[in-house]
Every structure is written in structure tokens, then in C-alpha cells.
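Overview (structure and organization)
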Amino acid sequence: MAAVVIQRKWHTTAEVADMLGFGLSKTKMLVLTGEIRSVKVGRNRRILPAWVDEYVERVTAGHEGWAA
């Protein structure tokens, strides 16, 4: 029997903060202002991976080709 690997379907705010390299306070503010979409499950906020990608694409739109 083959082992089944279950991939995470959503992330906590702390996990998203770590992925983006932001502090937890900044990430919570982005969630509360709707910059990063989320759903409330019980007392907790959860964020789909696609919503993190949407945020990154929105923030970087128009900045492609710019060199720092």
C-alpha cells in the first residue's frame, strides 16, 4: 500500500508571515485590512496558498523589470 502524503490546504497568519519574511503584526494588519484574503474558522484565521500568491502578484505588478 502506497503512503498518502497530505499537503496543507491553508496556512495560519504566522506561517504566512514567515513565508513572506514579514513580522506577525504586519501580516495581521494586511489580513485585517483585506490586503491578504482570509477566512475565519472558529477563533482562527486561515489563508489559502492561492491568496498569498495573489497578494505577491498584486504587490509586484508593475515592478517587473526594475532593478534595485
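Now for a quick tour of the structure. (Residues numbered from 1 in each chain as written. Predicted model: local features only at pLDDT ≥ 70, side-chain atom pairs only at ≥ 80, totals over all residues. Heavy atoms only, no water.)

A closer look at helix α2 (residues 24–32)
Going by this rule: Throughout this description, buried means an accessible area under 20% of the type-specific maximum (1.4 Å probe, protein chains only), exposed means over 50%, and partly exposed covers the range between. Helix and strand assignments come from DSSP, with helices taken as H or I runs of at least 4 residues and strands as E runs of at least 2, each series counted from the N terminus. What the arc covers is the set of directions going from the helix axis to the C-beta atoms. Two residues qualify as a contact provided that any one of their heavy atoms is within 4.5 Å of a heavy atom in the partner residue.
Among the residues making up α2, those that are buried are T27, L30 and V31. Looking straight down α2, one finds that the buried residues subtend no more than 100° of arc, so they occupy a single side. Across α2 from its buried face, at more than 90 degrees, point the exposed residues S25 and L32. On its buried face, α2 sits against α1 (13–20), β2 (44–46) and α3 (49–60). With its phi angle positive at about 85°, G34 sits one or two positions after the end of α2.

Describing the packing of aromatic side chains
Spelled out, the test is: Between 30 and 60 degrees the pair is tilted, below 30 it is stacked and above 60 it is edge-to-face, where a pair is any two Phe, Tyr or Trp rings, Trp via its six-membered ring, whose centres lie within 6.5 Å. Our definition puts a charge over a ring when NZ of Lys or CZ of Arg is within 6 Å of the ring centre and also within 35 degrees of the ring normal.
All chains considered together, the criterion is met by zero aromatic pairs. A cation sits over an aromatic face here: K26 above F22, 5.1 Å from the ring centre.

Observations concerning the environment of R45
Using the following cut-off: Polar contacts here mean pairs of N or O atoms no more than 3.5 Å apart (in protein, one a potential hydrogen donor and the other a potential acceptor; neighbouring residues in sequence count only if both atoms are side-chain atoms).
Mapped onto the elements of the fold, R45 is located in strand β2. Judged by its relative accessible area of 33%, R45 is partly exposed. Sequence spacing of R45 and H11 is 34 residues, and the spatial spacing of their C-alpha atoms is 8.6 Å. Contact partners of R45, with chain neighbours within four places excluded, come to H11, T12, T13, V31, S38, V39 and K40. Side chain to side chain, R45 and S38 meet in a polar contact 3.2 Å long.

Some thoughts on the environment of T12
Residue placement: T12 occurs in the segment before α1. Placed 38 residues apart in sequence, T12 and A50 show a C-alpha to C-alpha distance of 13 Å. In this structure, T12 is in contact with R45 and R46, ignoring residues within four places of it in sequence.

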